[in-house]
Each structure stands twice: as structure tokens, then as C-alpha cells.
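# Analysis of the macromolecular model
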Amino acid sequence: MPAARRPRVLSGAQPTADSYHLGNYFGAFKQWVALQDEFEAFYFIPDLHAITVEYDPALLRERTYIAAAQLLAAGVDPERSALFVQSHVPEHAQLAWVLGGVTGFGEASRMTQFKDKSAKGGQDSASVGLFTYPILMAADILVYQADKVPVGEDQRQHVELTRNLAQRFNHRFGETFTVPEAYIVKSTAKIYDLQDPTSKMSGSNQSHAGVVDLTDTPKQVAKKIRSAMTDSGSEITFDPAAKPGISNLLSIYSALTDEPVESIVRDFEGKQYGHLKVALADLVADFVGTFGDRTRELLGDRAELDRILARGADQAREVASTTLDLVYERSGFVRRA
């Protein structure tokens, strides 16, 4: 491994919906952009992960382009980060196979995401890819010798598996991998569903009425905010337990303006829920409108998107291939002449 380098950060966002949403932006992408200043950043679109469930190939291809455009619109800078598509870097899948050889069946079975997803349709209908998903995720991280992995709490278990596999491989075959740490930003705004403010905003929700997509029109956004579920009473206060609906709207307002929630509450003292909704609808509509314009501009030049993704893949492969060569040597594989 290099003796001296900037610390590395690695993260990805699946292209499994027609758009990312406001929760994705404030929960992840805004932090990704900030981390570019401090870390050598590798950000990718995990299309290999996206095929572990039933999917439409044409839709996956289009969603991958949309994902790339939205990450660029969010502020991921290809001059400071490697932005690429997972399938463009074959070392991910190659390393995943090697790591499968040091992963116990029992520990893979205990991954909560597999248990949750397979429980919905039954294990007989779950793919082997879904079962081995965490091993591929470990390869995603380890192939770049990543120091930090920005994830939500729901992904912490996968990072722990990655750490275990890195330490196990290092113990058996010699120091090979950097043992990564989960990077969970405590101050990240948690954005909840507008219609169910006790559940996080998610593109997989059955009803999309409470999800603000980053491709929504300003008119759609305003309607969703005005229709957001609120709480009993009329006082605008921040109390996630007693007033989850209003607290969620205040969190979104704070995330958009970088103004402390306490200050926003003071600004709306003596006013009704409707006043907050109208003001927030304007803010979100303006943000999403600008974001959507930039996304559509990027999608209008697929050749440029291809160029950016190819450059990112080349940058990624420089690091990934070095790691894989070391892994193959430590694993006892005969080098190709």
C-alpha cells in the first residue's frame, strides 16, 4: 500500500429508482460533496448490486445515467473525485469472489438486509446475489483501501462484516487490506416521509405522495409539502416524539437553509402550520427546480456523461487493479505470463 496518501473515502448509491429524493441528498450526497475537500473520494453507481432482485435491463441503463447526472448536479466534482459505474471496474466482482472464500455461511446468513428482503418473498425466491450482496459490498470498499465509508446506521452491519473480512484475510495471508471505519455524520439531517413522518423518506415506499424526488416539478413539490401530514395542535415546535410531522418539516427547512431549527421555530412563533408549509414549499420548489434543470442539462449530453464515467473508471481501476494484484499474489494464484 502507498506509504503516504490522502485518506480515502468510498460510497455508492444504487440506481434502483427513476430519481433520488430529498432524503438521499441531505442524508448522503451533501456529505459526499463536503468530504471531497478532505479525502481522496471514490463515488460509484452500484449497478451490479441492482441486479440482485428482478429488474428491467433498459430501465437499469437509463437509471444509471440519471444517477450519474444527479450526483454531478448534487456537487460531486469529477476533477476532485472518481465518479464511476461499478460494472466498469471488474475488480469489484473479482475481489468479491476471493472474499467469498473467507466468508462463513453463518455470518452471511445473519445479514439483516438479506433476512428482511428475503422474508418478503420467501427465501426460495431470493437470489444468490442477494445473499452474497454484503460480500460484494465488502469488495467495493476494500478494493480501494478505503479508510472511511459514509453510511447510514442501517448499513453499519455491512461495514462490520467488511472489517472482519479484511482482518481475517490479513491474518491468514499477510497485511493486505486497510481496515475501514464507518463514517456516520451525526449532524446529518434525517428526512422522513411527508405522509408518514415516523418512517424515513424512501423511494421504495408504496405511496410516493410523501417522497420529494429530485426530478419533481416545482408544482409537484409544492403540492406534496402543502399536503404533508401534520400533528394535533397548532403551535410550531420541534418535538419529534410528540410532533413528528411538524418536526420533519422544520428539519427540511433547516437542511435547506442551514439555519438552526431553534431559530426557525422563533421565526414562526405565533404562526400556524399553514404558514410554515407555504414558506417551505417555496424553498423546496426552488431547490428541486434548480436541481432538476441541472440534471436535465447533464442528461442532454450523454457523450459527456460517458466521458466523465470512463475517466472515473480509469482512476478507480488504477487503485483497484493494484489491490487485486496484491490479493491474487497473497492468495497463491499463478501470475499470467
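Computed from a predicted structure; not experimentally measured.

### A short note on the overall build of the chain
Within the chain one finds 13 helices and five strands. For a compact globule of 337 residues, the expected C-alpha radius of gyration is about 20 Å, and the chain comes in at 21 Å, within 12% of that figure. Dimensions of the chain, computed from C-alpha atoms along their principal axes, come out at roughly 75 × 45 × 40 Å. When burial is assessed residue by residue, the chain has 48% of its 337 residues classed as buried. Long-range contacts, defined here as pairs at least 24 residues apart, represent 75% of the contacts in the chain between residues at least 6 apart. Split by element, the accessible area of the chain, about 16500 Å² in all, is 51% carbon and sulfur. Measuring between centres, the 36 positive side-chain charges of the chain sit 3 Å from its 44 negative side-chain charges.

### Details of the domain arrangement of the chain
What the domain assignment reports for the chain is domain 1 (8-188 + 302-331) and domain 2 (218-296). The interface is formed by eight residues belonging to domain 1 together with nine residues belonging to domain 2. Together, Leu22, Phe26 and Ala73 form the three largest contributors to the area buried by domain 1 at its contact with domain 2, with a combined 56%. Joining domain 1 to domain 2, the criterion identifies one salt bridge. Between Asp258 and Lys30 there is a salt bridge; the shortest N-O distance is 3.0 Å. On inspection of domain 1 and its partner domain 2, the count reaches two residue pairs in polar contact (both at pLDDT 80 or more).

### Quick word on the packing of helix H3 (residues 57-74) against helix H13 (residues 302-331)
Put simply, H3 and H13 touch, their axes get as near as 11 Å, and they point 75° apart. Judged by the angle between their axes, H3 and H13 are roughly perpendicular. Residues Glu62, Tyr65, Ala68, Ala69 and Leu72 of H3 touch H13, and the partners they reach there are Arg302, Leu305, Asp306, Ile308 and Leu309. By residue class, the composition of the contact of H3 with H13 is seven nonpolar, no polar and three charged.

### Focus on the nonpolar core
Leu22 and Val284 are the most contacted members of the largest nonpolar core, which totals 59 residues. The element contributing the most residues to this core is helix H12 (residues 273-299), with 11 residues. Residue-level mapping places this core at the junction of two domains, with at least three residues from each of domain 1 (8-188 + 302-331) and domain 2 (218-296). Leaving out residues up to four positions away in the same chain, Leu22 has contacts with Ile191, Met201, Val212, Leu214, Ile252, Val284 and Phe287.

### Some thoughts on the pairing of strand E1 (residues 8-12)
Sheet faces and side chains relate simply in a regular strand, where the side chains alternate between the two faces. Counting buried positions along E1 gives four out of five residues, so the element sits mostly inside the fold. Strand direction decides the pairing type here: E1 and strand E2 (residues 40-45), joined by five bridges, are parallel. Bridge assignment links Leu10 to a residue of E2, and that residue is Phe42. In this region the chain leaves E1, passes through helix H1 (residues 22-35) and returns to the parallel neighbour E2; the handedness of that crossover is right-handed.

### Let's talk about H3
In an α-helix, one full turn covers 3.6 residues, which means residues spaced three or four apart are oriented alike. With 18 residues, H3 should reach 26 Å at 1.5 Å per residue; the first-to-last C-alpha distance of 26 Å fits that figure. For H3, the full list of buried residues reads Leu60, Arg63, Thr64, Tyr65, Ile66, Ala67, Ala68, Ala69, Gln70, Leu71, Leu72 and Ala74. Each element contacted by the buried residues of H3 is listed here: H1, E2, helix H2 (47-50), strand E3 (81-85), H12 and H13. The backbone nitrogen of Ala58 has a side-chain oxygen 2.9 Å away, supplied by the residue at the start of H3, namely Asp56. The positive-phi residue at the C-terminal boundary of H3 is Gly75, with phi of around 120°.

### Things to note about the UniProt feature "binding site: ATP" (unreviewed entry) in the chain
UniProt's entry tags Gln14, Pro15, Thr16, Gly23, Asn24, Gly152, Glu153, Asp154 and Ile191 with the feature "binding site: ATP" (unreviewed entry), counted in the numbering of this structure. Residues from the named set that contribute to the lining of the largest cavity are Gln14, Pro15 and Thr16. Topologically, Gln14 is positioned in the loop between E1 and H1. A residue is classified by how much of its surface remains accessible, and Gln14, at 21% relative accessible area, is partly exposed. With respect to the helices and strands, the residue Thr16 is situated in the loop between E1 and H1. Leave out the neighbours within four places in its chain, and Thr16 touches Ala50 and Arg63.

### A few points about the UniProt feature "binding site: L-tryptophan" (unreviewed entry) in the chain
Cross-referencing UniProt, the feature "binding site: L-tryptophan" (unreviewed entry) maps to Asp140 in the present numbering. Locating Asp140 in the fold gives a position in helix H7 (residues 128-142). Exposure remark for Asp140: the relative accessible area of 2% places this residue in the buried category. Among residues more than four places away in sequence, those in contact with Asp140 are Leu10, Phe44, His49, Gln86 and His92.

### Let's talk about empty space enclosed by the protein
For the structure on display, the rule yields one cavity of 30 Å³ or more. Empty space within the largest cavity amounts to approximately 30 Å³. Forming the boundary of the largest cavity are Gln14, Pro15, Thr16, Ala17, Asp18, Ser19, Tyr20, Arg63, Ile66, Ala67 and Gln70. Grouping the constituent residues of the lining of the largest cavity by class yields five nonpolar, four polar and two charged.

Rules used throughout
- Along each chain, residues carry numbers from 1 onward, in the same order as the chain's sequence is written.
- With pLDDT at 70 or above as the cut-off, local features in this predicted model cover only qualifying residues; side-chain atom pairs require 80 or more to be listed or tallied, and sums for whole chains, interfaces and linings still use all residues.
- Excluding hydrogens and water, the side-chain figures rest on all heavy atoms present in the structure.
- The helix and strand labels rest on DSSP assignments: H or I over at least four residues marks a helix, E over at least two residues marks a strand, and numbering proceeds from the N terminus.
- In this description the radius of gyration comes from C-alpha coordinates, and the expected globular size is given by 2.2 Å times residues to the power 0.38.
- Burial classes: relative accessible area under 20% of the type maximum marks a residue as buried, over 50% as exposed, and values in between as partly exposed (1.4 Å probe, protein chains only).
- Contacts are assigned to residue pairs with any non-hydrogen atoms lying within 4.5 Å of each other.
- Only the protein chains shown count as cover for residues, and all accessible areas are computed by the Shrake-Rupley method using a 1.4 Å probe.
- Residues counted as positive are Lys and Arg, residues counted as negative are Asp and Glu, and His and the chain ends are not counted.
- Every charge is mapped to an atom, namely NZ of Lys, CZ of Arg, CG of Asp or CD of Glu.
- Domain extents, as shown, originate in an automatic or database domain assignment.
- By definition, the buried area sums, over both parts, the 1.4 Å-probe accessible area that each loses when the two are put together.
- Throughout this description, the term salt bridge denotes a Lys or Arg side-chain nitrogen within 4 Å of a carboxyl oxygen of Asp or Glu.
- Here a polar contact is recorded for every N or O atom pair within 3.5 Å, except that within protein the pair must consist of a potential hydrogen donor and a potential acceptor, and residues adjacent in sequence are included only if both atoms are side-chain atoms.
- With axes taken as lines fitted to C-alpha atoms, and helix axes fitted only over the stretch in contact, angles between N-to-C directions fall between 0 and 180 degrees.
- Each angle is binned into one of four classes, with values under 35 degrees roughly parallel, values over 145 roughly antiparallel, values of 65 to 115 roughly perpendicular, and all other values oblique.
- Under the convention adopted here, Pro, Cys and the residues Ala, Val, Leu, Ile, Met, Phe, Trp and Tyr are nonpolar, Asp, Glu, Lys and Arg are charged, and Gly plus all remaining residues are polar.
- What we call a nonpolar core is a set of buried Ala, Val, Leu, Ile, Met, Phe, Trp, Tyr and Cys residues that are connected through their side-chain atoms within 4.5 Å.
- Each pair of strands is called paired provided DSSP finds at least two bridges between the two strands.
- We call a crossover right-handed when, viewed with the strands running away from us, the connection from the first strand over the helix to the second turns clockwise.
- Helix span, as expected, comes to 1.5 Å for every residue beyond the first.
- UniProt positions are given in the numbering used here, feature names are shortened, and annotations may be inferred rather than shown by experiment.
- In this analysis a 1.4 Å probe is tested at points of a 1 Å grid over the protein atoms alone, and where it fits but cannot get out there is a cavity; an open set with protein on both sides within 12 Å along at least five of seven lines is a pocket; lining residues have an atom within 4 Å of a point.
- Grid points are joined across faces, edges and corners, and a volume is the space filled by probe spheres set on the points.

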